[in-house]
Structures are given as C-alpha cells and as structure tokens.
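# Reading the structure
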Amino acid sequence: MSNVEFSDDPKRARVLAAAVGVFGRYGFQKTSMEAVAKAAGISRPGLYLMFPNKEQLYRATMQGVMERAQRAMEERFADQALSFDERIVEGLDALMGTYIDTQVARDLNELLENSEPQLGSMFHDYQERARSTLSAHIGALAPPGLLDAELTADDLMDLLFSAALTWKSTSATRDDFRDRIRRALRLIRRAAV
C-alpha cells in the first residue's frame, strides 16, 4: 500500500507513504511524529516543516489513501476491455479489496472506519462519492435488460456496495472478495431475466 505516491513532491510523497504504514500499524493515538519521521528517513523538524502537527499529517495521509482508491476504481470502470461484470468486480476491488490481504491493510481499514474524531466527515464523504461513482457507472454501462423501474442503478449500487462492505470484513482473501462480487452479479442477472 505504501509504494504509491500521494503527491508530486517526492519528499512529501515519501512522508505520506511512510505515514500510511505507521498509522496503520499503531493507530492515530500511538503514532508519534518521531516515528513517522524515522520511517520516512527525514528529521522530526523537517517533518514539522511539512506538517505542523500530527492531525494535519493524519488528514493528509488518509485523504491520500482515499483519493488513490477512488482514482483506481474510476480507472477500472473506464477500462473498455473489461465486461460490465468485470468492471464492477475490478472497481469494487480497487476501492475495498486492498484492505483484505495483509494485517497492515486490515489495520488501516479499521483506522479509517474509526477516525471520525480526526477526520470529521471526510470518510463519510469519501464513501458517498464512491457510491455516486458506482451508481453512475452502473447506469451508464449496464447491459440492456438488467436495469428497469424495479431495479435501478441506485438499487444495484446500494446492494453491491453494502454487500462489498460486509465481504471486505469477512473474506479470507482478496480472491474470495472478488468471487463473492462475481456471484452476486450472476444472481442479479438471473433474477432480472
């Protein structure tokens, strides 16, 4: 997770990537600016020049994580080489699947979901943006006959997004998560016939 840059500034990107791992491992309360500086290979005063306090560092770190997932999801939806079902599977995997494979990823997921005091509405807003993006792409890409007055793009989005949130927490592997989304889409197609 930490190998993706969050910024055009390489030093800032290195700090934010290091912060993902440190916050993911220790949580907000137990993470120190010293630990992030050490992980990023910079001095503590240098870190304070970029981020005046831990709260601002945390917000920038989590915003980067969320923005990266949103962009990855949108890229999958835009991939015209994929079928409708695979765009949905790939898009939801890009958004949520990365939180399944490793303990650090699971810790980061838990951190995001329990960060309202530090992030305010940022996580909720991110989820709403993801839901809106998913609904728009379902509406634009759904094969003929899948959607109608009884099953709208918003209905299908709500079902898949809600199920994916649960499966993210209960899937043993990322492949299992993706397979569950595929099976849900097959069931939806059968019900639509």
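Above this text you will find the structure in question.
So, a few notes on the structure that sits alongside this text.

### Comments concerning the overall build of the protein chain
Across its full length, the protein chain carries 10 helices and zero strands. Written out in order from the N terminus, the α and β elements of the protein chain read α-α-α-α-α-α-α-α-α-α. Principal-axis analysis of the C-alpha atoms places the extent of the protein chain at approximately 65 × 30 × 30 Å. A total of 193 residues make up the protein chain; the buried ones form 48% of that total. Counting contacts in the protein chain only where the partners sit at least 6 residues apart, residues at least 24 apart contribute 66% of the total. Of the accessible surface of the protein chain, which amounts to about 9,900 Å², a share of 49% is contributed by carbon and sulfur atoms. With 25 positive and 28 negative side-chain charges, the protein chain shows a spacing of 7 Å between the two charge centroids.

### Some remarks on the environment of Thr166
Considering the arrangement of structural elements, one finds Thr166 in helix H9 (residues 153–170). Thr166 gets classed as partly exposed once you look at its relative accessible area, which sits at 46%. Taking the C-alpha atoms as reference points, Thr166 and Ser43, separated by 123 residues in sequence, lie 41 Å from one another.

### What about the packing of aromatic side chains?
Both the distance between ring centres and the angle between the ring planes are used here to describe each pair of aromatic rings. Enumeration according to the criterion identifies four aromatic pairs in this entry. Both rings, one in Phe123 and one in Tyr126, keep their centres 5.9 Å apart while their planes meet at 35°; by these two values the pair is tilted. Here Phe123 pairs with Tyr126, and both are found in helix H8 (residues 122–141), just three residues apart, close to one helical turn. Through successive ring pairs, a cluster of aromatic residues spans Phe23, Phe28 and Tyr58. The lysine or arginine in question, Lys54, covers the ring of Phe28, its NZ or CZ lying 4.5 Å from the ring centre.

### Re the pattern of salt bridges
Counted according to the given criterion, the structure contains 11 salt bridges. The residue Arg129 makes a salt bridge to Glu67 at a minimum N-O spacing of 2.9 Å. Linking Arg129 in helix H8 with Glu67 in helix H4 (residues 54–78), this pair joins segments that are 62 residues apart in sequence. Under the relative-accessibility criterion, Arg129 is labelled partly exposed at 35%. With a closest N to O distance of 2.5 Å, Arg178 and Glu90 form a salt bridge. Within this pair, whereas Arg178 is found in helix H10 (residues 174–192), its partner Glu90 is found in helix H5 (residues 84–96), the two being separated by 88 residues in sequence. This pair shows no difference in class: Arg178 is buried, exactly as Glu90 is. Linked by salt bridges that have partners in common, Glu90, Asp93, Arg174 and Arg178 make up one network.

The rules behind these values
- Residues numbered from 1 in each chain as written.
- Predicted model: local features only at pLDDT ≥ 70, side-chain atom pairs only at ≥ 80, totals over all residues.
- Heavy atoms only, no water.
- Helix = DSSP H or I, 4+ residues; strand = E, 2+ residues; numbered from the N terminus.
- Buried < 20%, exposed > 50% of the residue type's maximum accessible area, 1.4 Å probe, protein only.
- Contact = heavy atoms within 4.5 Å.
- Areas by Shrake-Rupley, 256 points an atom, 1.4 Å probe, with all protein chains shown as cover.
- Lys, Arg positive; Asp, Glu negative; His and termini not counted.
- Charge placed at Lys NZ, Arg CZ, Asp CG, Glu CD.
- Phe/Tyr/Trp six-rings, centres within 6.5 Å; stacked < 30°, edge-to-face > 60°.
- Lys NZ or Arg CZ within 6 Å of the ring centre and 35° of its normal.
- Salt bridge = Lys/Arg side-chain N within 4 Å of Asp/Glu carboxyl O.

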